[in-house]
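# Notes for the structure review
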Amino acid sequence: MFEHETVLKMESIEGLNIKPDGIYVDCTLGGAGHSEEIVKRLTTGHLYAFDQDDVALKHASERLAPYEDRVTFIKSNFVHLKDELLARGITQVDGVLFDLGVSSPQLDEAERGFSYNYDAPLDMRMDRSRELSAYHVVNEWPFGDLARIFFTYGEEKFSKQIARKIEQARAVKPIETTFELVELIKDAIPAPARRKGGHPAKRTFQAIRIAVNDELNVFDRAVQDAIDLLAIGGRICVITFHSLEDRICKQVFKERSQHPPLPPGLPVIPKEFEPELKLITRKPIAAGDDELEGNRRARSAKLRVAEKQK
């Protein structure tokens, strides 16, 4: 079940432009599909792989056992990227990869509560040692906060109606399972709207997951840190799956690939004013037809690549 969740694998590996003696970071180990492709190309180089999930780390250690001398597993959120690498004596790297999709194992394990297709306790924590879960968000956050995250993180136009339904239901008894929440969402959305645009709970579940794991703030900080860590000529590859993540990535890359304001008419840009990043992909790379046919989760995937210049 770990094989099919790796999206845009070869495109991202090509984007990293891997050197056999380089130091690389996979910030989102997951099923280790990307990590395996990286370590296969290393000789004296090394990979540092991050994940918060014990199940993913256990599976990855088995899958990458033939390359154990080339990989270090780090159980941590990638927001701690700089600190974790510095603790291991690493101050510069040659490439960083982010694959921001929720891994298939997390979606496929009913008890994790990520999926609206399985009845399970409301959880959605990528790191199960954290206190905040979907149960707390759904049952304890005020109406205004629920409506805000449903609209902002899920781009759900019926955000207020869904938040109101939740507020009314939890006043009677706590909402404990994914299917209970799904039924409330369905009741809140008008019938014509439920019949189009995929599963009616998709956007709300996405919003709650993002809130539980603070995904957007964490990613914004981590991608900035990753760029700081890159050596000259090093590359960062980011695979996103929804517009909010892609917007953050696009904006960060844009800001750090522009030179500061300069006087008009300069024949040559002074070296000290050259931009920090060079965009390798002016437009994001999408999954090809073959991958789309075999993995429906690749439909919304976008890959952006940039290279450190100075």
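For clarity, every value in this text was computed on a predicted model and none was experimentally measured.

Procedures and definitions
Residues numbered from 1 in each chain as written. Predicted model: local features only at pLDDT ≥ 70, side-chain atom pairs only at ≥ 80, totals over all residues. Heavy atoms only, no water. Buried < 20%, exposed > 50% of the residue type's maximum accessible area, 1.4 Å probe, protein only. Helix = DSSP H or I, 4+ residues; strand = E, 2+ residues; numbered from the N terminus. Pairing = 2+ DSSP bridges. UniProt positions renumbered as here; feature names shortened; annotations may be inferred. Contact = heavy atoms within 4.5 Å. Salt bridge = Lys/Arg side-chain N within 4 Å of Asp/Glu carboxyl O. Axes fitted to C-alpha atoms, helices over the stretch in contact; angles between N-to-C directions. Parallel < 35°, antiparallel > 145°, perpendicular 65-115°, else oblique. Nonpolar A, V, L, I, M, F, W, Y, C, P; charged D, E, K, R; others polar. Phe/Tyr/Trp six-rings, centres within 6.5 Å; stacked < 30°, edge-to-face > 60°. Lys NZ or Arg CZ within 6 Å of the ring centre and 35° of its normal.

With nine of 11 residues buried, strand β5 (residues 230-240) is to be regarded as a mostly interior element. Taken together, the six bridges between strand β4 (residues 93-99) and β5 define a ladder with parallel strand orientation. From the neighbouring strand, V96 faces β5, where its bridge partner is I236. In the sheet, β5 pairs with strand β8 (residues 302-308) via six bridges, with the strands oriented antiparallel. The partner of T240 across the bridge, within β8, is K302.

This next bit is on the UniProt feature "binding site: S-adenosyl-L-methionine" (unreviewed entry) in the protein chain. What UniProt calls "binding site: S-adenosyl-L-methionine" (unreviewed entry) maps, in this numbering, to A32, G33, H34, D51, F78, D99 and Q106. Those residues in contact with F78 that sit more than four places away from it in its chain are C27, T28, F50, F98, L100, V218, F219 and A222.

Attention now goes to unusual backbone geometry. Positive phi, normally seen in glycine, also occurs at M124, with a value near 70°. Positionally, M124 belongs in the loop between α5 (104-108) and α6 (134-140). Judged by relative accessible area, which is 0%, M124 ranks as buried. The phi dihedral of D214 falls on the positive side, at around 50°, and the residue is not glycine. Relative to the helices and strands, D214 is located in the loop between α11 (202-213) and α12 (215-229).

With that settled, the discussion passes to the environment of A65. Mapped onto the elements, A65 comes out in the loop between α3 (54-63) and β3 (71-75). Overall, A65 belongs to the partly exposed group, its relative accessible area being 37%. Residues A65 and S76, 11 residues apart in the sequence, show an inter-C-alpha distance of 20 Å.

Looking now at the environment of K58. Among the secondary structure elements, K58 is positioned in helix α3. With 27 residues separating them along the chain, K58 and G31 place their C-alpha atoms 9.8 Å apart.

Here we take up the pattern of salt bridges. Pairs can form between side chains of opposite charge whenever their charged atoms are close. On inspection of all chains with the given rule, the structure shows 23 salt bridges. R125 is the partner of D123 in a salt bridge, and the nearest nitrogen-oxygen pair spans 2.7 Å. We note that D123, like R125, is buried.

For the rest of this paragraph, the subject is the packing of α11 against α12. Here α11 crosses α12 at 55°, and the two axes come no closer than 6 Å. Looking at the two axes, α11 sits oblique to α12. Along the contact surface, α11 presents R209, I210 and N213, while α12 presents E215, L216 and V218. Split into classes, the residues belonging to the contact of α11 with α12 amount to three nonpolar, one polar and two charged.

What follows concerns the packing of aromatic side chains. One pass over the structure, following the stated rule, counts three aromatic pairs. A centroid spacing of 5.2 Å and a plane angle of 90° characterise the contact between F78 and F98, whose relative ring orientation is edge-to-face. With F78 in the loop between β3 and α4 (81-86) and F98 in strand β4, the pair connects residues that are 20 residues apart, well separated along the chain. An identical accessibility class is assigned to F78 and F98; each is buried. Residues F98 and F219 carry aromatic rings whose centres are separated by 5.7 Å and whose planes lie at 80° to one another, so their mutual orientation is edge-to-face. Of this pair, F98 sits in strand β4 while F219 sits in helix α12, and the two are 121 residues apart along the sequence. We note that F98, like F219, is buried. Following the ring pairs from residue to residue traces out a cluster consisting of F78, F98 and F219. Over the ring of F143 we find R164, and its NZ or CZ is 3.7 Å from the ring centre.

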